[in-house]
Amino acid sequence: MNSPPHFICTPFSLMACQGLASGETLKSLKAESETLRKKLEEERKKLHDVELEKVAEKAEALGELNMKTRRTLKGHGNKVLCMDWCKDKRRIVSSSQDGKVIVWDAFTTNKEHAVTMPTTWVMACAYAPSGCAIACGGLDNKCSVYPLSLDKDENLAAKKKSVAMHTNYLSGCTFTNSDMQILTSSGDGTSALWDVESGQLLQSFHGHSADVLTLDLAPSETGNTFVSGGSDKKANVWDLRSGQNVQSFDTHDSDINCVKYYPSGDAFASASDDSTCRLFDLRADREVSIYSKDSIMFGAASVDFSLSGRLLFAGYNDYTINVWDVLKGTRVAILFGHENRVSSLRVSPDGTAFCSGSWDNTLRVRQEGRGVGRELKQGGTTLYG
């Protein structure tokens, strides 16, 4: 005869039950939480008074884009996983599954520096604001900073400084507005802010229930926040100073591979394995546009905005880059050239070009075919003639 079920008293259940007010149960608290969630959704819907595409009906349509590959950077022996521009608009850092981090002169395609990491799958790299250092990491669970010098034969590995240590792989890193602090994301489900000089943990950010795959820092003039995306299908906005999760969005149906702030800092875009890119308005606290087509069946791995914010560039796992009109929600161009998935994509600091990294082991620098980064910059001179 089966004995009646017993309540197993675990440390977790004890912790959960401690501190409950009289008459409260976990069940009642869950019900209250669900009620509050529904009220929040109702408040969000009140702000949903008009669609973005409706507002943009009178906006002038974009002309045909003719983006051409100006430079192809070859040198990695395996998949390019990440890349970043230097603020000088000329140099690029890239990291790869081959365990190497390369600093390129994008004008000449020359390799200026190369670092061999102690691990393969170097999934994150970033240029310091000063252009005098790079950061990188991956399956070593660390974020390492390498100072750069004019001596191209210098042994960078000897000057390596391990700044951040996670308990799982490093998925992303970005310097704040100085070389002195760096923000990291990890497969351990957290993001963290570190002091570069001392390696001290300044703030940690807990709120994702799975791997954090991507992060982006808000433009400096909009305040101390950043956005992260993860395998839990959520995009979370954080306060850098308090460590608090101040906004959360969960409309994607699969992993969020990339997040990127709109140039004004009032919105951000996301790219997901659900084959869509989405735009979230932070002031309205909701998703305002979905960039998708029935013919797009592969996941989106990376996104970035043009300098004006009118265009959204998105790299996909079907080897293409789709260019979207942010306001109208329509696709204005499809760019070909890569021979494997487009893993990373960034517009140059002055907006005249953009660079994409791919699993085909190469990076491609592209520019508007008429010689000027027309909508990319809305005026300016060509750098890659």
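The name given to the protein chain in an unreviewed UniProt entry is Guanine nucleotide binding protein (G protein), beta 5b, with the source organism recorded as Oncorhynchus kisutch. Its UniProt record gives the protein chain a comment under Sequence similarities (unreviewed entry), which states: "Belongs to the WD repeat G protein beta family." Taken directly from UniProt, the Subunit (unreviewed entry) text for the protein chain runs: "May interact with RGS9; this interaction stabilizes both proteins and increases RGS9 GTPase-activating protein (GAP) activity, hence accelerating the deactivation of D(2) dopamine receptor-mediated signaling."

Engineer: Before we move on, could you go through the overall build of the protein chain and cite the residues and values that matter?
Structural biologist: Counting secondary structure elements, the protein chain contains four helices and 28 strands. Within the protein chain, the proportion of its 385 residues that are buried is 50%. On the protein chain, roughly 18,100 Å² of surface is accessible, and the fraction owed to carbon and sulfur atoms is 51%.

Engineer: Quick one: what's the story with the pairing of strand β2 (residues 80-85), residue by residue and with numbers?
Structural biologist: Counting buried residues along β2, six of its six residues qualify, which places the element largely inside the surrounding structure. Here β2 pairs with strand β3 (residues 91-96) via five bridges, running antiparallel. Residue pairing across strands places Asp84 opposite Val93, the latter belonging to β3. Linkage of β2 to β3, two consecutive antiparallel strands, is achieved through a turn of five residues, within which Lys89 is found at a positive phi near 70°.

Engineer: Which residues make up the confidence of the model for the protein chain, and what values go with them?
Structural biologist: On average, residues of the protein chain carry a pLDDT of 88, and 86% of them reach 70 or more. In the model, residues 1-16 has pLDDT below 50 throughout and makes four contacts with residues more than four positions away in sequence or in other chains. Residue range residues 377-383 is modelled with pLDDT below 50. Its contacts to residues more than four positions away, or to other chains, number 16 contacts.

Engineer: How would you sum up the packing of aromatic side chains? Please name residues and give values.
Structural biologist: As enumerated under the stated definition, the model contains nine aromatic pairs in all. When the centroid spacing of 5.1 Å and the interplanar angle of 45° are considered together, the rings of Phe249 and Phe280 count as tilted. On the criterion of sequence distance, the pair formed by Phe249 in strand β17 (residues 245-249) and Phe280 in strand β20 (residues 277-281) is long-range, its members being 31 residues apart. Summarising the burial analysis for this pair, Phe249 and Phe280 share the class buried. Relative to Trp324, the ring of Tyr291 lies with its centre 6.0 Å away and its plane at 50°, an arrangement referred to as tilted. Taken together, the positions of Tyr291 in strand β21 (residues 286-291) and Trp324 in strand β24 (residues 321-325) put the pair 33 residues apart, joining distant regions of the chain. Judged by its relative accessible area of 1%, Tyr291 is buried. These aromatic residues form a ring-pair network of at least three members: Phe205, Phe226 and Trp238. Over the aromatic face of Trp359 sits the side chain of Lys79, whose NZ or CZ is 3.9 Å from the ring centroid.

Engineer: Just give me the short version of the environment of Asn141, but keep the residues and values in it.
Structural biologist: Within the fold, Asn141 resides in the loop between β7 (133-137) and β8 (142-147). The sequence separation of Asn141 and Met165 amounts to 24 residues, and the corresponding C-alpha distance is 6.0 Å. Discounting chain neighbours no more than four positions away, the residues touching Asn141 are Ala164, Met165, His166, Thr167, Asn168, Tyr169 and Leu170. Within the structure, Asn141 has its side chain in polar contact with the backbone nitrogen of Tyr169 (distance 3.3 Å).

Engineer: Tell me about the sheet that holds strand β12 (residues 190-195), and please be specific about residues and values.
Structural biologist: The four strands lie next to each other as β10-β11-β12-β13, forming an open sheet whose pairing is antiparallel. Of all the strands in the sheet, the pair left with one neighbour each is β10 (170-175) and β13 (201-206). Pairwise comparison of adjacent strand axes, ignoring direction, gives a mean angle of 15° for this sheet. In terms of strand pairing, β12 meets β13 through five bridges, oriented antiparallel. Paired with Leu193 across the strands is Gln203, a residue of β13.

Engineer: If you had to explain the sheet that holds β21 to someone new, which residues and values would you point to?
Structural biologist: Taken in spatial order, the four strands of this open sheet run β18-β19-β20-β21, and their pairing is antiparallel. Single-partner strands in this sheet number two, and they are β18 (256-261) and β21. Strand-to-strand twist across the sheet, computed as the mean angle between neighbouring axes with direction ignored, equals 25°. Bridge count between β20 and β21: five bridges; the pairing is antiparallel. Note on β21: the bridge partner recorded for Asp281 is Arg286.

Conventions used here
- Residues numbered from 1 in each chain as written.
- Predicted model: local features only at pLDDT ≥ 70, side-chain atom pairs only at ≥ 80, totals over all residues.
- Heavy atoms only, no water.
- UniProt positions renumbered as here; feature names shortened; annotations may be inferred.
- Helix = DSSP H or I, 4+ residues; strand = E, 2+ residues; numbered from the N terminus.
- Buried < 20%, exposed > 50% of the residue type's maximum accessible area, 1.4 Å probe, protein only.
- Areas by Shrake-Rupley, 256 points an atom, 1.4 Å probe, with all protein chains shown as cover.
- Pairing = 2+ DSSP bridges.
- pLDDT = per-residue confidence, 0-100.
- Contact = heavy atoms within 4.5 Å.
- Phe/Tyr/Trp six-rings, centres within 6.5 Å; stacked < 30°, edge-to-face > 60°.
- Lys NZ or Arg CZ within 6 Å of the ring centre and 35° of its normal.
- Polar contact = N/O pair within 3.5 Å; in protein donor to acceptor, adjacent residues only side chain to side chain.
- Axes fitted to C-alpha atoms, helices over the stretch in contact; angles between N-to-C directions.

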